[in-house]
Amino acid sequence: MLKLTPILIAVLYGLAMYRFSVWRTKRVLDERSTELADPRLTALTRRLAEALGVARVPVHIYEIAPVNGLAAPDGRIFITRGFFQKYTEGAVTAEEMASVIAHELGHVALGHSRRRMIDFSGQNAIRVVLATVLGRFLPGIGVYLAGLLTTMLAARLSRQDEYEADEYASALLVKAGIGTGPQKSLFEKLEGLTGIAGAAPAWLMSHPKTSDRIAAIARNEKRWGVPAPL
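Residues numbered from 1 in each chain as written. Predicted model: local features only at pLDDT ≥ 70, side-chain atom pairs only at ≥ 80, totals over all residues. Heavy atoms only, no water.

**Brief notes about the pattern of salt bridges**
Stage number 1. Throughout the structure, instances matching the rule amount to eleven salt bridges.
Stage number 2. A salt bridge links Asp-30 to Arg-76; the shortest N-O distance between them is 2.9 Å. Note that Asp-30 is positioned in helix H1 (residues 5-31) and Arg-76 in the loop between strand E3 (69-71) and strand E4 (77-80), a separation of 46 residues in sequence.
Stage number 3. With relative accessibility at 36%, the residue Asp-30 sits in the partly exposed group.
Stage number 4. Sharing partners across several salt bridges, the network here consists of Asp-30, Asp-74 and Arg-76. (Salt bridge = Lys/Arg side-chain N within 4 Å of Asp/Glu carboxyl O. Helix = DSSP H or I, 4+ residues; strand = E, 2+ residues; numbered from the N terminus. Buried < 20%, exposed > 50% of the residue type's maximum accessible area, 1.4 Å probe, protein only.)

**Quick word on the nonpolar core**
Stage number 1. One finds Leu-48, Ile-79, Phe-83 and Ile-101 to be the most contacted residues of the largest nonpolar core, which totals 31 residues.
Stage number 2. Broken down by secondary-structure element, the contributors of at least two residues to this core are helix H2 (39-52), strand E2 (59-62), E4, helix H3 (81-88), helix H4 (94-109), helix H6 (142-175) and helix H7 (181-194).
Stage number 3. Examining the composition of this core, we find that seven residues originate from one element, H4, more than from any other.
Stage number 4. Sequence-distant contacts of Ile-101, defined by excluding residues within four places in its chain, comprise Thr-45, Leu-48, Val-57, Val-59, Ile-77 and Ile-79. (Core = buried A, V, L, I, M, F, W, Y, C linked by side-chain atoms within 4.5 Å. Contact = heavy atoms within 4.5 Å.)

**Quick notes on the packing of aromatic side chains**
Aromatic rings considered in pairs are described by the distance between their centres and by the relative angle of their planes.
Stage number 1. All chains considered together, the criterion is met by two aromatic pairs.
Stage number 2. When the ring of Tyr-62 is compared with that of Phe-78, the centres are 6.4 Å apart and the planes differ by 70°; the resulting orientation is edge-to-face. Taken together, the positions of Tyr-62 in strand E2 and Phe-78 in strand E4 put the pair 16 residues apart, joining distant regions of the chain. In terms of burial, Tyr-62 and Phe-78 fall into one category: buried.
Stage number 3. On the numbers, 5.6 Å between centres and 50° between planes, the contact of Phe-84 with Tyr-87 is tilted. (Phe/Tyr/Trp six-rings, centres within 6.5 Å; stacked < 30°, edge-to-face > 60°.)

**Things to note about the sheet that holds strand E1 (residues 33-35)**
Strands in a sheet are paired, the pairing made by backbone hydrogen bonds, and the direction either parallel or antiparallel.
Stage number 1. Across the sheet, four strands lie side by side as E1-E2-E4-E3; this open sheet has mixed pairing. Each having just a single partner strand, E1 and E3 make up the two edges of the open sheet. For this sheet, the mean angle separating the axes of adjacent strands, direction not counted, is 30°.
Stage number 2. Pairing analysis gives four bridges linking E2 to E4, with the strands arranged parallel. From the neighbouring strand, His-60 faces E4, where its bridge partner is Phe-78. (Pairing = 2+ DSSP bridges. Axes fitted to C-alpha atoms, helices over the stretch in contact; angles between N-to-C directions.)

**Overview of the pairing of E2**
Stage number 1. Residue alternation in E2 divides its side chains into two sets, Val-59 and Ile-61 and His-60 and Tyr-62, and both sets are buried.
Stage number 2. Direction of pairing for E1 relative to E2: antiparallel, over a ladder of three bridges. The residue bridging Glu-35 from the neighbouring strand is His-60, located in E2.

**Comments concerning the packing of H4 against H7**
Stage number 1. Their axes nearest at 8 Å, the elements H4 and H7 cross at an angle of 95°. In terms of their interaxial angle, H4 and H7 are classed as roughly perpendicular. Between H4, through Glu-95, Glu-96, Ser-99 and Val-100, and H7, the contact on the second element is made entirely by Pro-182, Gln-183, Ser-185, Leu-186 and Lys-189. (Parallel < 35°, antiparallel > 145°, perpendicular 65-115°, else oblique.)

**Here's the deal with H4**
Stage number 1. Helix length check: H4, at 16 residues, gives a terminal C-alpha distance of 22 Å against a target of 22 Å (1.5 Å per residue), a fit within 8%.
Stage number 2. Taking burial as the measure, the 16 residues of H4 include 13 buried ones, the bulk of the element.
Stage number 3. Note on H4: the residue one or two positions beyond its end, Gly-111, has a positive phi of about 80°. (Expected span 1.5 Å × (residues − 1).)

Functional significance is not addressed by these values, which are geometric in nature.
What follows is the structure, encoded as structure tokens:
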């Protein structure tokens, strides 16, 4: 029983972290966001909603500066103020913003948003177990190795989620009559918009390389028989 104690503690810790993360995320998003009111973007979200067969797509502006989009476990979609600012400045088109919303809808529809919250808690639990076990055999570096292995696992899962959400977004954009052109053109701008050039090793990056994502969209277009945008 004593040998299992660290594992049981890690599981309980993971469950507690999951509950706390859900509560904290909802609270922060509620406090720091307002519903999207831009007429052009609202019109495009209506087209996405029609393609999905739902009444509306709830999109909010999250009041933080980094350029990003995110999907909450409760199904709400958020565009950061920094991203929205790029749109109002003309650096990003309305259709490109719609592609971000479609991508985040993919995370919701495919269960990534809720699962990621669980994964985050589980990864912390795994890190605790690995650190405990490796620390016994490799004093001094066991904790470091535990963190590295957990990060590698999380990055791999996250990259797969991104490809799946990209594919969902492509299909939705085609069905809504927007097409995949804005999706690919946004990816081409992304590093410049975020100020992040992929310096980290690919296997540690939480998102796939931009060129790989564009190539995957092109393969889907060919597979679906969708003409590639000019």
